[in-house]
Amino acid sequence: MGASCGGFALPQSWDASLNRLPEADWADLDQPAKMKSLLEDYFRHGFCILQNTPTDRDSLKFLARRFGYLRETNFGELFNVEMKPNPSDLAYTDVALASHTDNPYRAPVPGIQYLHCLRNEVSGGLSTLVDGMAIAEALRREAPDQADVLERVSVRFRYEGPSAILEHFGPLIERDHVGIVRQIRLSSRLDYVPALDHDTLSLFYAGRKRLHVMSESDEFQIRFPFRPGTLLMMDNYRLLHGRTAFNGRQGHRHLQGCYIDHDGPASLYRMLVRDGVTTSVRRED
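Anyway, here's the lowdown on the structure attached to this text. (Residues numbered from 1 in each chain as written. Predicted model: local features only at pLDDT ≥ 70, side-chain atom pairs only at ≥ 80, totals over all residues. Heavy atoms only, no water.)

### Thoughts on the overall build of the chain
Piece 1. Looking only at helices and strands, one finds 6 helices and 17 strands in the chain.
Piece 2. What you see for the chain is a C-alpha radius of gyration of 19 Å, in line with the 19 Å of a compact globule of 285 residues.
Piece 3. Here the C-alpha coordinates of the chain stretch approximately 55 × 50 × 35 Å along the principal axes.
Piece 4. Within the chain, buried positions represent 51% of all 285 residues.
Piece 5. Residue pairs at least 24 apart in sequence account for 82% of intrachain contacts in the chain once pairs closer than 6 positions are excluded.
Piece 6. Approximately 13,300 Å² of the chain is accessible, and the part contributed by carbon and sulfur atoms is 50%. (Helix = DSSP H or I, 4+ residues; strand = E, 2+ residues; numbered from the N terminus. Rg over C-alpha atoms; globule rule 2.2 N^0.38 Å. Buried < 20%, exposed > 50% of the residue type's maximum accessible area, 1.4 Å probe, protein only. Contact = heavy atoms within 4.5 Å. Areas by Shrake-Rupley, 256 points an atom, 1.4 Å probe, with all protein chains shown as cover.)

### Re the sheet that holds strand β4 (residues 47-51)
Think of a sheet as strands paired side by side through backbone hydrogen bonds, with each pair either parallel or antiparallel.
Piece 1. Sheet architecture is open: 6 strands sit in the order β3-β4-β15-β7-β17-β5, paired in mixed fashion. Every interior strand has two partners, whereas the edge strands, β3 (23-25) and β5 (79-81), have only one. The average angle at which neighbouring strand axes cross in this sheet is 25°, direction not considered.
Piece 2. Inspection of the sheet shows β5 paired to strand β17 (residues 253-260) by 3 bridges, in the antiparallel sense. For Phe 79, the partnering residue across the bridge sits in β17 and is Gly 257.
Piece 3. Seen against the sheet, helix α1 (residues 32-45) touches β3, β4, β7 (112-120) and β15 (231-235) and runs at an angle of roughly 140° to β4. (Pairing = 2+ DSSP bridges. Axes fitted to C-alpha atoms, helices over the stretch in contact; angles between N-to-C directions.)

### Points about the side chain of Ser 99
Piece 1. On the secondary structure map, Ser 99 appears in strand β6 (residues 97-100).
Piece 2. Relative accessible area serves as the criterion here: at 2%, Ser 99 is assigned to the buried category.
Piece 3. At 2.9 Å, the side chain of Ser 99 and the backbone oxygen of Ser 215 are in polar contact. (Polar contact = N/O pair within 3.5 Å; in protein donor to acceptor, adjacent residues only side chain to side chain.)

### Let's talk about the sheet that holds strand β13 (residues 191-192)
Piece 1. Strand order in this open sheet of 3 strands is β10-β9-β13, and the pairing throughout is antiparallel. Strand pairing shows two members of the sheet lacking a second neighbour, β10 (165-170) and β13, which therefore form its edges.
Piece 2. By the bridge criterion, 6 bridges tie strand β9 (residues 155-160) to β10 in an arrangement that is antiparallel. Looking across to β10, one finds that Val 155 is bridged to Gly 170.

### Overview of the pairing of strand β8 (residues 127-131)
Piece 1. Most of β8 is tucked away: 5 of the 5 residues are buried.
Piece 2. The side-chain alternation of β8 yields two buried faces, one formed by Ser 127, Leu 129 and Asp 131 and the other by Thr 128 and Val 130.
Piece 3. Here β8 pairs with strand β14 (residues 222-224) via 3 bridges, running antiparallel. Bridge assignment links Ser 127 to a residue of β14, and that residue is Phe 224.
Piece 4. Here β8 runs beside strand β16 (residues 239-243); their pairing, made up of 5 bridges, is antiparallel. Counted as the bridge partner of Val 130 is Leu 240 from β16.

By themselves, these figures tell us nothing about what the structure is for.
Structure representation (structure tokens):
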């Protein structure tokens with residue numbers, strides 16, 4: 001196993017060359033060692049994929065509660081991602097969704113997001129993931145002055161809907177106390193950049209554009225299909241997610257989603273360690 005901090009596997013940045021997705025069968029998680037191994041993969045990569053989960057409507061409540069308490073929002077405990085006649089969001093259409101992080105306008109921002117596939121009768125609609133840590137570090141190598149501005153400037157994020165008006169502030173790239181990139185806020189339809197001097201503003205927009213370009217590039221983005229029973233668990237602070245376009249006329253595509261806080265999986269892992277659960281050593285990719 002790789003290096004650890006506080007008992008957890010340290011995050012390891014990855015790009016499109018990642019050749020082993022952190023994946024497990026839902027039934028295997030009844031074995032404590034399998035659960036511990038899955039959580040180690042999650043802490044390392046920022047996501048994991050579970051297959052062969054139940055596909056009953058709202059079964060995600062039970063699935064997510066295996067890891068932590070549901071974070072209810074103005075959208076409810078669960079939200080549905082499917083085509084709608086008069087969509088209020090691009091998620092409810094069949095067009096591609098650019099890489100983004102969810103809900104940067106909330107305080108606090110939801111920590112972990114689940115997406116659960118109930119039905120998928122269409123071609124296309126691949127799930128896309130990008131490691132925000134990887135593109136943030138790439139930007140720092142390429143243009144440290146742009147990276148400095150994105151880490152320093154606090155941006156206002158705002159959502160206004162029929163049941164809530166929400167605002168929160170934060171930089172596009174945020175590091176923790178030891179300098180590790182811990183949060184990416186990239187949602188260009190929701191951000192409001194403050195008034196800045198010309199040079200700072202130029203660096204900000206150049207850096208933000210570069211992050212978007214990298215998040216859509218074949219160098220950093222991985223893609224995989226959602227099949228009925230596929231459950232994606234991802235760190236919304238670290239991972240950017242999206243989807244490719246699909247043909248909604250072919251049939252029904254229905255995902256449900258929800259959020260939990262970071263401390264749920266962290267607590268579960270600590271209890272497995274306390275109980276002496278061991279996992280086999282695996283070679284890092």
